[in-house]
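Residue-level structural notes
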Amino acid sequence: MTETQKIKLKTTLTDYLVIAFGMSLYVLSWTVFLIPAEITGGGISGLSAVIFYSTQIPVAVSYFVINSFLILIAIKILGASFGIKTIFSMGIATLLFWLTPNLISEPLIDDTFLSAVLGAMMGGIGIGLVFTRGGSTGGTDIIAMIINQYRNISPGRVIMYCDVIIIASSYFVFQSPSKLVYGYVSMWVIAYTIDAFLNGSNASAQIFIFSKKFEEIADYVNKNASRGVTVLDGTGWYTKESVKIVMTVVRKRETSLIFRKLKEIDPEAFISMGSVMGVYGQGFDKMKI
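Anyway, here's the lowdown on the structure attached to this text.

With that out of the way, let us pick up the packing of helix 1 (residues 3-34) against helix 5 (residues 112-132). Relative orientation of the contacting elements helix 1 and helix 5 amounts to 165°, with a least axis distance of 7 Å. The orientation of helix 1 with respect to helix 5, classified from their angle, is roughly antiparallel. For the element pair helix 1 and helix 5, the recorded crossing hand is left-handed. Note on element contacts: helix 5 touches helix 1 through Ser115, Ala116, Leu118, Gly119, Ala120, Met122, Gly123, Ile125, Gly126, Ile127, Leu129 and Val130, opposite Val18, Ile19, Phe21, Gly22, Met23, Leu25, Tyr26, Leu28, Ser29, Phe33 and Leu34.

Here you go:
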């Protein structure tokens, strides 16, 4: 096995381990927080929970049956290469939904609102982990991809409509407006948590540094911070003097060390920093389109 093959194998194994861990968090958010408190969320998990509340059919059974049906349709419509990671995620979730329901029979927290928020946050982090490794939880994602194949409707809108309908259906089970509200709270929190998790892990900063000691600054960023640097030529319009501008893009978590060093090198430097999303290339993310 070549070194390249070893690296590829290691990356693949890491991907599947992270997906398995993310799905574990997602399933536990249901079996520990949401289901004991009789809260309905979005997705096929939410639909399976509604079926469980009304018929006592185990969540694992309905989750597996519905997802299997959707995956078979997706393979027929979208092709056989539909997504092995989605099938893996579904398998892990089904297994855990089968093994974990008896972990807790009463709500862990005697507060429905807190159960909704904590469960949704835990589930959002789990889904976020799955997304960072190119995985998917399937379910309404599959429905969105199938509809998008024939209609020019954004997948996000389709998923939102599905989630709204699924949560609304819980009213016919509980006849309780408060349960309905808690379901929509969990839907909002899980969406917010996913966005915050993904944006937090990928957030980058673009820094422009105006300094006469541009060479020392550029060398530090390039060699010590291990980030690429571009030195631009500029003209100060008020003074009409030529200036050098150091431009670099770094992860936000790296900015504090760079700023600390900049203060040592040139306390008078003029610095502009802006948040950027979607940085692709060496040292950052790979384009997936």
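With antiparallel pairing, the four strands of this open sheet are ordered in space as 2-3-1-4. Each edge of the open sheet is held by one strand with a lone partner, namely strand 2 (230-236) and strand 4 (270-276). Each strand of the sheet is rotated relative to its neighbour by a mean of 25°, with strand direction disregarded. Bridge analysis of strand 1 (residues 204-210) against strand 3 (residues 241-251) gives seven bridges, and the strand direction is antiparallel. Looking across to strand 3, one finds that serine 204 is bridged to arginine 251. Sheet contacts for helix 10 (residues 214-223): strand 1, strand 2 and strand 3; angle to strand 3, the most-contacted strand, approximately 15°.

In this structure, asparagine 67 sits in helix 3 (residues 59-78). Since its relative accessible area comes to 1%, asparagine 67 is described here as buried. Those residues in contact with asparagine 67, other than ones at most four positions away along the chain, are Ile44, Met90, Thr137, Gly138 and Gly139.

Turning our attention to the packing of aromatic side chains. Counted by the stated rule, this structure contains seven aromatic pairs. A centroid spacing of 4.8 Å and a plane angle of 90° characterise the contact between tyrosine 16 and phenylalanine 88, whose relative ring orientation is edge-to-face. Of the two residues, tyrosine 16 sits in helix 1 while phenylalanine 88 sits in helix 4 (residues 84-99), which places them 72 residues apart along the sequence. Members of the aromatic cluster, each reached through a chain of ring pairs, are Phe52, Tyr53 and Phe174. One cation-aromatic arrangement involves lysine 179 over phenylalanine 174; the distance from NZ or CZ to the ring centre is 5.6 Å. The residue whose ring lies beneath lysine 240 is tryptophan 237, and the NZ or CZ to ring-centre distance is 4.7 Å.

Let us look at helix 4. Compared with the 22 Å implied by 1.5 Å per residue over 16 residues, the 23 Å span of helix 4 between its first and last C-alpha is a close match. Along helix 4, the positions that sit buried rather than exposed are Lys85, Thr86, Ser89, Met90, Ile92, Ala93, Thr94, Leu96 and Phe97.

Calculation criteria
- Residues numbered from 1 in each chain as written.
- Predicted model: local features only at pLDDT ≥ 70, side-chain atom pairs only at ≥ 80, totals over all residues.
- Heavy atoms only, no water.
- Axes fitted to C-alpha atoms, helices over the stretch in contact; angles between N-to-C directions.
- Helix = DSSP H or I, 4+ residues; strand = E, 2+ residues; numbered from the N terminus.
- Parallel < 35°, antiparallel > 145°, perpendicular 65-115°, else oblique.
- Left-handed = near helix turned anticlockwise from the far one by under 90°.
- Contact = heavy atoms within 4.5 Å.
- Pairing = 2+ DSSP bridges.
- Buried < 20%, exposed > 50% of the residue type's maximum accessible area, 1.4 Å probe, protein only.
- Phe/Tyr/Trp six-rings, centres within 6.5 Å; stacked < 30°, edge-to-face > 60°.
- Lys NZ or Arg CZ within 6 Å of the ring centre and 35° of its normal.
- Expected span 1.5 Å × (residues − 1).

Remember, this is a structural readout, not a statement about activity or role.
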